[in-house]
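Commentary on secondary and tertiary structure
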Amino acid sequence: RRPRSGMSTAVSSMSAAIRGAPVRTRIHRAARTPATRPLTRARAVEAPVREEKSTKQSGKGYRVGVDTLNTFLFREEQRGVVSGDLAIIVNNIAVACKKISNLVAVAPIQNLTGLAGSSNESGDEQKKLDVISNDIFCDAMSDTCRANMIVTEEEDVPLRVEAISGDYIVCFDPIDGSSNIDAAVTTGSIFGVYSSGECQIFEHDSVEEAMEKCVLNARKSGEELVCAGYVMYSSSTVMMLTVGDGVYGFTLDTSTGEYVLSHDDVKIPDPGQRIYSGNNGNVDKWAPEMKAYVRYLQLGGADRAKGPYSYRYIGALVGDFHRTLLYGGIWLYPPDSSAPQGKARLLYEVAPMGFLAEQAGGMAMWGECAEKRVMEVVPEQIHQRSPMFVGSSKMVRELQEFLEDRAPVYRNGPRDEL
């Protein structure tokens, strides 16, 4: 390159100044050492051997700590497990959750805590982040052009969106456990992607009725899910995902903005740790046999010599389920006198979590004796609620045996003895 004229003049002036400067004689370091200074022998320090970073590789060839969510989706698409349209949807969900994670982290200093002054279709008071996160999710799904309908906890009716290809129905709870946000306790987002289905619409149907029919006709049960997962916002941001071929976890690396594989082919420990979870504050509202079951666990269950079961409860489905997924035990969400149908929503909370649990080798049940799979429940409305008992297979089966044995007795009148 030709130097600029100003730069050339400056360089020439500097060169002249250097040439005219007195030359400083370089003195060897040893010559500068005072004679009185004792000479010391330098000790040779052996450099530590640098160990190569080991990476755990799964049976499918995935590398923990190395492979990203995009890599996972690409390989699953190559294997024929995931379609290209579904991969785009999952990727956009991941991007939306990055934005929500950032908002959750700065909520106290961005005036994003507190109530928004409205309530959703389920009757819950909406937090400010509920509304903002819902908009983020809806925009993300609209941008994919791969989903033709959105069902969200914060909207009264399904939202119709344009799709250039793919006809998936995406259901989600933008912020689960939003009541925890003000206290900086674990929250998360839950999502489920359903396959397309038949929809019969008549001329006299209103727009809302037509959309409702499309959702209900397409959703025969949770078994129509092709993908489900959640993103937990806690000490780290973690996405747990299933596309019907196992459960995989990805932790958000904030330095690169990538979700990196951190949990490979997750299986719920069976029976796992001796932990039970549920809202103990509502136990008196539960059926007598369920109250007896809690007391049974507090006394040590079938093996009292090991002491009582530990009780853990966060109050957010994502956080409590995540612990159960990794540690085992059981999570109890039965109906009670104030909510006979349960409290968790079927389409975008219970069914996705049930799908994850079964893919991880656990069980997700409901019913008087926990005898019915939540995945088989046919929804009657988009915001339908449902109870759920989920956890390691052994713990859920023990619950089933307990209820089968005690429920008939307690229906004829509660007793205190176990």
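Residues numbered from 1 in each chain as written. Predicted model: local features only at pLDDT ≥ 70, side-chain atom pairs only at ≥ 80, totals over all residues. Heavy atoms only, no water.

Describing the side chain of arginine 146
- Positionally, arginine 146 belongs in the loop between helix H5 (128-144) and strand E3 (147-152).
- Here serine 165 takes part through its side chain, which lies 3.1 Å from a polar atom of the side chain of arginine 146. (Helix = DSSP H or I, 4+ residues; strand = E, 2+ residues; numbered from the N terminus. Polar contact = N/O pair within 3.5 Å; in protein donor to acceptor, adjacent residues only side chain to side chain.)

Side note on the sheet that holds strand E4 (residues 159-160)
- Spatially, the eight strands line up as an open sheet ordered E4-E3-E5-E6-E7-E8-E9-E10, and their pairing is mixed. In this open sheet, the two strands that pair with only one neighbour each are E4 and strand E10 (258-263).
- Strands in contact with H5 are E3, E4, strand E5 (168-176) and strand E6 (187-194); relative to E5, the strand with the most contacts, it is inclined by about 155 degrees. (Pairing = 2+ DSSP bridges. Contact = heavy atoms within 4.5 Å. Axes fitted to C-alpha atoms, helices over the stretch in contact; angles between N-to-C directions.)

Overview of the pattern of salt bridges
- Under the counting rule described, the total for this entry stands at 14 salt bridges.
- Salt-bridge contacts for lysine 267 lead to aspartate 265; the nearest nitrogen and oxygen are separated by 4.0 Å.
- Accessibility expressed as a relative area gives 35% for aspartate 265, which makes it partly exposed.
- What you see here is one network of salt bridges that share partners, running through Glu223, Glu358, Arg373 and Glu376. (Salt bridge = Lys/Arg side-chain N within 4 Å of Asp/Glu carboxyl O. Buried < 20%, exposed > 50% of the residue type's maximum accessible area, 1.4 Å probe, protein only.)

Describing the pairing of strand E7 (residues 225-233)
- The buried fraction of E7 is high, at eight of nine residues.
- Sheet analysis places E6 next to E7, joined by eight bridges and oriented antiparallel. Pairing of glycine 192 across the sheet is with alanine 228, part of E7.
- Hairpin connection between E7 and strand E8 (residues 237-242): a loop of three residues separates the two successive antiparallel strands.

Things to note about empty space enclosed by the protein
- Under the definition given, this model contains one cavity of 30 Å³ or more.
- One number sums up the size of the largest cavity: a volume of about 30 Å³.
- In terms of lining residues, the largest cavity is bounded by Tyr194, Ser221, Gly222, Leu346, Leu347, Ala351, Val377 and Pro379.
- Broken down by element, the residue count for the lining of the largest cavity peaks at three residues, all from helix H9 (residues 346-359). (1 Å grid on protein atoms, 1.4 Å probe; cavity = no way out; pocket = protein on both sides within 12 Å on 5 of 7 lines; lining within 4 Å. Points joined across faces, edges and corners; volume = space filled by probe spheres on them.)

What to know about the packing of aromatic side chains
- Applying the stated criterion to the full structure yields twelve aromatic pairs.
- Taking 5.2 Å as the distance between ring centres and 45 degrees as the angle between the ring planes, the aromatic pair formed by tyrosine 62 and phenylalanine 72 counts as tilted. With tyrosine 62 in the loop between helix H2 (29-32) and helix H3 (69-78) and phenylalanine 72 in helix H3, the pair connects residues that are ten residues apart, well separated along the chain.
- For tyrosine 62, a relative accessible area of 1% puts it in the buried group. (Phe/Tyr/Trp six-rings, centres within 6.5 Å; stacked < 30°, edge-to-face > 60°.)

Topic: the nonpolar core
- Ranked by internal contacts, the top residues of the largest apolar core, which has 44 residues, are Leu69, Met239 and Leu241.
- In terms of residue count, helix H4 (residues 84-106) provides more of this core than any other element does, ten residues in total.
- In this structure, leucine 241 is in contact with Leu69, Phe72, Val90, Phe191, Cys227, Ala228, Gly229, Gly246, Val247, Tyr248, Phe250 and Leu356, ignoring residues within four places of it in sequence.
- Counting 41 residues, the second-largest nonpolar core is a separate cluster that includes Ile169, Cys171, Val238 and Tyr348. (Core = buried A, V, L, I, M, F, W, Y, C linked by side-chain atoms within 4.5 Å.)

Details of unusual backbone geometry
- A cis amide bond, omega 5 degrees, links aspartate 270 with the succeeding residue proline 271.
- The phi dihedral of cysteine 145 is positive, around 60 degrees, even though this residue is not glycine.
- Relative accessible area serves as the criterion here: at 26%, cysteine 145 is assigned to the partly exposed category.
- The residue aspartate 265 is not glycine, and still its phi comes out positive at about 45 degrees.
- Here aspartate 265 lies in the loop between E10 and strand E11 (275-277).

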